[in-house]
Each structure stands twice: as C-alpha cells, then as structure tokens.
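# What the coordinates show
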Amino acid sequence: MEGIEHRTVKINGISMHIAEKGQGPAVLFLHGFPELWYTWRHQILALASLGYHAIAPDLRGYGDTEAPSSISSYTCFHLVADIIALLNFLGEKKVFVVAHDMGAMAAWHLCMFRPDRVKAFVALSVPFRPRNPKCKPIKMLRTFFGDDYYMCRFQEPGEMEAEIAKYGAKQVLKKILTDRSPDPPLIPKENPFGLSPDNPITSPSWFSEEDLNYYASKYEEKGFTGGLNHYRNLELNWELTAPWTGVQVKVPVKYITGDLDMVYNMPGVKDYVHSNKGGFKKDVPLLEEVVVMEGVGHFINQEKAEDISNHIHDFISRF
C-alpha cells in the first residue's frame, strides 16, 4: 500500500513481521483481534506524511509473525517483552503508542511495566482496567454475561477454531469486523455467528472487499489460534500481575471510543471513564482527554480513519 515497507525481524526469540513508513519520531501501532497490522493502514500513511515513523507489527501469533505453540507463551509479559525487544532492535528509546482492542490491553501493560519507553499513549476502545484482586476476569465475565460471552467461549483450546472453520474464515471475519452493535458479543452454540444465506452481510463503505480479502488470506493461512491464545491467558495474566494491584499508569493518555462500542457499553465502563470521583482519572492521573465519537462502533480506526489520524496527531504533536 502506497510505499508501506515490510520486513521480518528476529526479536525475543520469535520472528516478527512489521509494516512501517516515514521518518521522524516513532509511533508504534498495536492491533487487536481479529486484526493485523493492516488495521492501521490509513493511520500509517497519515502519520508518515506528517513527519513520523509509523510502525505496525503483526503481534505474536498473528499474520506473518511467528506463533509459538504453547498457550502460555502469550501472556502480557511475553507481549510487552516483544514490544521492548522491537524498540531495542529499532533503536527507539521512547515512542508514541497507539493501540486498539487487545492491542490496547497490551499497551496498558507496557505503560504499567515500562513507562520509561512511552512518550504518550492514545488508547482506542479499551480504557485502563484496574486489577480486581477479589475476582478472576473470566469468572467475572461469566457472572455478568453468561457462558456464551465471546471471551468465555474463546477459552477452550480448539473449540472456537473448529466453529470458525465450519463457517469459513472470510464470512466470520466479515461478520466481526463490520459489526457495530453496542450489545455484549455473544457466541451461542447454535449458529454462533448469526450467519444466514437469507440475510447476507453488507459491507460498509469503510471496509472494502479488498480489505476483507487481505484479512481472510492471512487468517486462512495462519489460523486463529495465535490470536485466541491472547484471550486464553487472561486468567494467568490476572495471577501474574498481582504485584501491580492498585498501580497508577503514569504516562500521558488520550482515550477515544465510539458511543456504539461494545466495550464502552459494558456495565460500569461509562461510569468509570467519566467519573469525577476516582475512576479512570484516578488510575491514570495523566489522562488528558476523553473523546466519545457519536454513532461510531468498535473498529473505530477503520470506520473513522481520517478523524482518528487527526486525533492522534493532535495529541502527540504536543510532546
């Protein structure tokens, strides 16, 4: 795409694919599930044209990056170690970070563990979530939403992979990546993705057939296990991060979400984000701005690509 360069680098014991463009201060983009570096295609071009070095890896287990076979090789410490090793390889002591979905969770851990490597962080969709020492995350999600909640359904190795294979990667990706529902994502055992030949999915203007084909080609080649393994470590991450209970994230942060985003609409999230008494601002004292975009769903950096690029630049240009 328009001068985006690709290379594979050896870092932290794995081969990692990165896409990059531009010269100047480094901006590191971290994608979510089920995505790839490609989710940042618009922002890479925009930030490079504004004088930044835009860097977007396929995270561990995704796309053209190596996928270790062990589930326990996908903890938050592995992901942060990959990021630090990548920065060291690139010779970048400190970077701007932009992240979405599960990539934002990895970025929050980066900010917790190594704030010395982060100039500022633009978090999309997922705000900081302080560790609850009284309840493991999957148990809590089951209590709120039941066994069909997507993160709960992702836990059993091989089960979700088999269900995706039954319906086909392309159709499942199209369903997920174009979904704009604010409701909790449920995956029932019966017709888990709600696909029907009588009700075909219409792609929005911001997500082309070419975009879908790129995602599908990579997931058909790689499979979904690597990405799902990130979710399969949520309980282990909870155990491993016990020493950081109550920690504050002390890097400058801008948080952007859509009012239709299913994360933003989870019970308690709006109150936490907008609380004047504690909440987000207490846990992230350098939180500078919260932006809620009207009529926008979860995949905000694709749906509102130009707006998000402008928001990123407006924030990082202050530093």
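Residues numbered from 1 in each chain as written. Predicted model: local features only at pLDDT ≥ 70, side-chain atom pairs only at ≥ 80, totals over all residues. Heavy atoms only, no water.

### Re the overall build of the protein chain
Selection rule: Here a helix means four or more residues in a row that DSSP labels H or I, a strand means two or more in a row labelled E, and each is numbered from the N terminus. For the exposure calls, accessible area comes from a 1.4 Å probe over protein chains only, and a residue counts as buried if that area is under 20% of its type's maximum, exposed if over 50%, partly exposed in between. The criterion used for residue contact is that any of the two residues' heavy atoms lie within 4.5 Å. Counting rule for charge: Lys and Arg are taken as positive, Asp and Glu as negative, and neither His nor the chain ends is counted. Charge placement uses NZ in Lys and CZ in Arg. For Asp and Glu, CG and CD serve respectively.
In terms of helices and strands, the protein chain carries 14 helices and eight strands. For the protein chain, buried positions account for 54% of its 319 residues. Summarising the internal contacts of the protein chain: among those between residues at least 6 apart in sequence, 78% fall at separations of at least 24. Here the protein chain contributes 34 positive and 39 negative side-chain charges, whose respective centroids are spaced 7 Å apart.

### Things to note about the sheet that holds strand β1 (residues 5-11)
To keep things clear, this is the line we draw: Any two strands with at least two DSSP bridges between them are considered paired. Angles here are taken between N-to-C directions and fall from 0 to 180 degrees, while the axes themselves are lines fitted to C-alpha atoms, restricted in helices to the stretch in contact.
Spatially, eight strands are ordered β1-β2-β4-β3-β5-β6-β7-β8 in an open sheet, and the strand pairing comes out mixed. Strands with a single pairing partner mark the edges of an open sheet, and in this sheet they are β1 and β8 (287-293). Adjacent strand axes in the sheet meet at a mean angle of 20° when their direction is disregarded.

### Some points on the packing of helix α7 (residues 169-177) against helix α8 (residues 209-222)
The cut-off we apply is this: Roughly parallel covers angles under 35 degrees, roughly antiparallel covers those over 145, roughly perpendicular covers 65 to 115, and oblique covers all other angles. Each helix crossing is assigned a hand: it is left-handed if the near helix lies turned anticlockwise from the far helix by less than a right angle, otherwise right-handed if that turn is clockwise.
At their nearest, the axes of α7 and α8 sit 9 Å apart, and the two run at 125° to each other. Put simply, α7 runs oblique to α8. In terms of crossing hand, the pair formed by α7 and α8 is right-handed. Along the contact surface, α7 presents Ala 169, Lys 170, Leu 173, Lys 174 and Leu 177, while α8 presents Glu 209, Leu 212, Asn 213, Tyr 215, Ala 216, Tyr 219 and Glu 220.

### Examining α8
Which entries qualify depends on this criterion: Expected span of a helix, by definition, is 1.5 Å for each gap between consecutive residues, and there is one gap fewer than residues. In this description, the arc belongs to the directions extending from the helix axis to the C-beta atoms.
Spanning 14 residues, α8 covers 20 Å between terminal C-alpha atoms, matching the ideal 20 Å at 1.5 Å per step. Along α8, the residues that are buried comprise Asp 211, Leu 212, Tyr 215, Ala 216, Lys 218 and Tyr 219. Take α8 and look down its axis: the buried residues cluster within an arc of 165°, on one side only. What points out from α8, more than 90 degrees from its buried face, is the exposed set Glu 210, Glu 220 and Glu 221. Residues of α8 that are buried sit in contact with α1 (41-49), α7 and α13 (300-303). The first or second residue beyond α8 is Gly 223, which carries a positive phi of 85°.

### Some thoughts on the pattern of salt bridges
Side-chain pairs of opposite charge can arise whenever the charged atoms involved come near each other. Operational definition: For salt bridges, the criterion is a side-chain nitrogen of Lys or Arg within 4 Å of an Asp or Glu carboxyl oxygen.
Evaluation of the coordinates by the stated rule reveals 18 salt bridges. Glu 66 is the partner of Lys 10 in a salt bridge, and the nearest nitrogen-oxygen pair spans 4.0 Å. Here Lys 10 is found in strand β1, whereas its partner Glu 66 is found in the loop between β4 (53-57) and α2 (76-90), with 56 residues between them in sequence. For Glu 66, a relative accessible area of 32% translates into the label partly exposed. Put simply, Asp 64 and Lys 218 hold a salt bridge, and the shortest N to O gap is 3.0 Å. One end of the pair, Asp 64, is in the loop between β4 and α2; the other, Lys 218, is in helix α8, and 154 residues separate them in sequence. Residue classification places Asp 64 among the partly exposed positions, given a relative accessible area of 32%. Classification of Lys 218 as buried rests on a relative accessible area of 17%. Connected through salt bridges with shared partners, the residues Lys 254, Glu 288, Glu 289, Asp 314 and Arg 318 form a single ionic network.

### Here's the deal with the pairing of β4
β4 sits mainly inside the fold: five of its five residues count as buried. The two faces of β4 match: His 53, Ile 55 and Pro 57 on one face and Ala 54 and Ala 56 on the other face are all buried. Here four bridges tie strand β2 (residues 14-21) to β4, and the two strands are oriented antiparallel to one another. The residue bridging Lys 21 from the neighbouring strand is Ala 54, located in β4. The pairing of strand β3 (residues 26-30) with β4 spans three bridges and is parallel.

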